[in-house]
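Close look at the chain arrangement
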Amino acid sequence: MLDLTIKKKPRPIWFNISPANLPVPGLVSILHRISGLLLVMGLIWFLYLLDMSLTSELGFRHVAEYLAHPISKLAMLGFAWAFLHHFCAGIRYLLLDVHRGIELPAARMSSFIVLVISLALTVIIGMKLW
Amino acid sequence: MVNRIVVGAHYGLKDWLIQRMSAVVMAVYALLLTAFLLGSGPITYLFWKGLFAQGWMRFATLLFVLSVLVHAWVGARDVLMDYIKPTGLRLTMQVLTILWLVGCGGWALQILWRI
């Protein structure tokens, strides 16, 4: 098979990436990736719901009933967290890009805030759903 | 600081910028729509359909959908480049990601312009 990889000189690799060892900014970073992938996979579901809800009065009511099911609520809650975390962490990255809060204590604090705010908003949405 | 001269090759600066610009578009859209829906009272079918039938809503939603597509592509590509080392597998997954996103985008446009 054709090998397309470019041969690089060996680089030091840090293998210990267990979540327990991760500082909070690292945790927020990996959750940013996971939540992003979740949202991409959820696209088809969101489109299915949007499509049906805009088809007819009957479709709209069908979506309302479908979303009232506990499993749908659980899925919505999961996607709500993914969206909120991705949103908040994204805002943090945009601020870091313009050099806001790049010192270590500020960066740790902001990543902690991202984690807490997105979880708190998810809990509020969960309380509204149930 | 990585010490290299950024000339000649594709270093991903364009992708980095697209990622940020699309993020801002999506954030503004999400905030405005959320504020609008929270302030609008109970959402009925007629209200919902009427909302998406408006020209400005279609305009904004089109920008949102396009932003989702390019943002998801850059993000997914970054993740695949970092974790999927075998070239063939990574290429396959990148192609599948593109097909997935283009398919979703087409469906979204069809939903928007059917109303």
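Please refer to the structure placed before this passage.
What this report covers is the structure whose coordinates are included nearby. Starting afresh in each chain, residues are numbered from 1 along the sequence in its written order. Numbering of ligands from 1 and lettering of chains from A proceed in the order in which they are written. Totals for whole chains, interfaces and linings use all residues, but because this is a predicted model, local features are given only for residues with pLDDT of at least 70 and pairs of side-chain atoms are given and counted only at 80 or more. Excluded from the side-chain calculations are hydrogens and water; all other atoms, namely the structure's heavy atoms, are used.

1. Section: the overall build of chain B
Secondary structure counts use DSSP, requiring at least four H or I residues in a row for a helix and at least two E residues in a row for a strand, with both numbered from the N terminus. Per the secondary structure count, chain B includes four helices and zero strands. For chain B, the α and β elements follow one another from N to C terminus as α-α-α-α. Based on C-alpha atoms, the radius of gyration is set beside the globule rule, defined as 2.2 Å times the residue count to the power 0.38. The C-alpha radius of gyration computed for chain B amounts to 18 Å, which surpasses the reference 13 Å derived for 115 residues by more than 25%, pointing to a less compact arrangement than a globule. Expressed along its principal axes, the backbone C-alpha trace of chain B runs to roughly 55 × 30 × 20 Å.

2. Observations concerning a nonpolar patch on the surface
Residues and elements named next belong to chain A. Residues with no salt bridge and a relative accessible area higher than 30% make up the patches, which join like charges within 9 Å and nonpolar side chains (Val, Leu, Ile, Met, Phe, Trp, Tyr) within 5 Å. For every accessible area listed, the method is Shrake-Rupley and the probe measures 1.4 Å; residues are considered covered only by the protein chains on display. We define a salt bridge as a contact between a side-chain nitrogen of Lys or Arg and a carboxyl oxygen of Asp or Glu at a distance within 4 Å. Judged by side-chain polarity, Met 109, Phe 112, Ile 113, Val 116, Ile 117, Leu 121, Val 123, Ile 124 and Met 127 come together as a nonpolar surface patch covering roughly 820 Å² of accessible area. Considering the arrangement of structural elements, one finds Phe 112 in helix α4 (residues 104-129). Relative accessibility decides the category of a residue: with a 1.4 Å probe and only protein chains considered, values under 20% of the type maximum give buried, values over 50% give exposed, and everything between is partly exposed. Taking the relative accessible area as the measure of exposure, Phe 112 reaches 46% and is therefore partly exposed.

3. Thoughts on helix α4 (residues 87-114) of chain B
An ideal rise of 1.5 Å per residue puts 40 Å on 28 residues; α4 of chain B measures up with 40 Å between its terminal C-alpha atoms. Here α4 of chain B has its buried residues at Thr 87, Arg 90, Gln 94, Thr 97, Leu 101, Cys 104, Gly 105, Ala 108, Ile 111 and Leu 112 of chain B. Throughout, a residue-residue contact means that at least one pair of heavy atoms, one from each residue, lies within 4.5 Å. Structurally, α4 of chain B contributes buried residues whose contacts are with α1 (24-55) of chain A together with α2 (45-53) and α3 (55-83) of chain B. A helix is expected to span 1.5 Å for every residue after the first.

4. Some points on a positive patch on the surface
A cluster of like positive charges, contributed by Lys 8, Lys 9 and Arg 11 of chain A together with Lys 85 of chain B, occupies part of the molecular surface. Summarising the element assignment, Lys 85 of chain B is placed in the loop between α3 and α4. Given the relative accessible area of 56%, Lys 85 of chain B is considered exposed. Only four residue types enter the charge count: Lys and Arg as positive, Asp and Glu as negative, with His and the chain ends excluded. Charge coordinates come from a single atom per side chain, which is NZ of Lys, CZ of Arg, CG of Asp or CD of Glu.

5. Regarding the pattern of salt bridges
According to the stated counting rule, one finds four salt bridges over all chains in the structure shown. In this structure, the salt-bridge partner of Arg 33 of chain A is Asp 82 of chain B, at a minimum N-O distance of 2.8 Å. With one member in each of two chains, Arg 33 of chain A in helix α1 and Asp 82 of chain B in helix α3 form a pair that bridges those chains. For Arg 33 of chain A, a relative accessible area of 25% puts it in the partly exposed group. Judged by relative accessible area, Asp 82 of chain B falls into the partly exposed class, the value being 38%.

6. Some remarks on the packing of aromatic side chains
Two measures describe an aromatic ring pair: the distance that separates the ring centres and the angle between the ring planes. Any two rings among Phe, Tyr and Trp, with Trp reduced to its six-membered ring, count as a pair given centres within 6.5 Å; such a pair is stacked if its planes are under 30 degrees apart, edge-to-face if over 60, and tilted if neither. All chains considered together, the criterion is met by 10 aromatic pairs over all chains. Taking the centre distance of 6.0 Å and the plane angle of 15° together, the rings of Phe 36 of chain B and Phe 47 of chain B count as stacked. Residue Phe 36 of chain B is located in helix α1 (residues 13-38), and its partner Phe 47 of chain B is located in helix α2; the two are separated by 11 residues in the primary sequence. Among the residues examined, Phe 47 of chain B registers a relative accessible area of 25% and is labelled partly exposed. Measuring from ring centre to ring centre gives 5.0 Å for Trp 48 of chain B and Phe 52 of chain B, while their planes differ by 75°; the resulting arrangement is edge-to-face. Taken as a pair, Trp 48 of chain B and Phe 52 of chain B lie in helix α2 at a separation of four residues, close to a single helical turn. Through pairs of rings, three or more aromatic residues link up here, namely Trp 45, Phe 46, Tyr 48, Tyr 66 and Phe 79 of chain A.

7. A short note on the nonpolar core
In this description, a nonpolar core means a group of buried Ala, Val, Leu, Ile, Met, Phe, Trp, Tyr and Cys residues linked to one another through side-chain atoms lying within 4.5 Å. One finds Leu 50 and Leu 54 of chain A together with Trp 48, Leu 51, Phe 52, Met 57 and Leu 101 of chain B to be the most contacted residues of the largest nonpolar core, which totals 23 residues. At the level of secondary structure, the elements contributing two or more residues to this core comprise α1 of chain A together with α1, α2, α3 and α4 of chain B. Beyond its immediate stretch of four places on either side in the chain, Met 57 of chain B contacts Tyr 29, Leu 33, Leu 51 and Phe 52 of chain B. Of all hydrophobic cores here, the second largest spans 14 residues; its members include Trp 45, Leu 49, Val 63 and Cys 88 of chain A.

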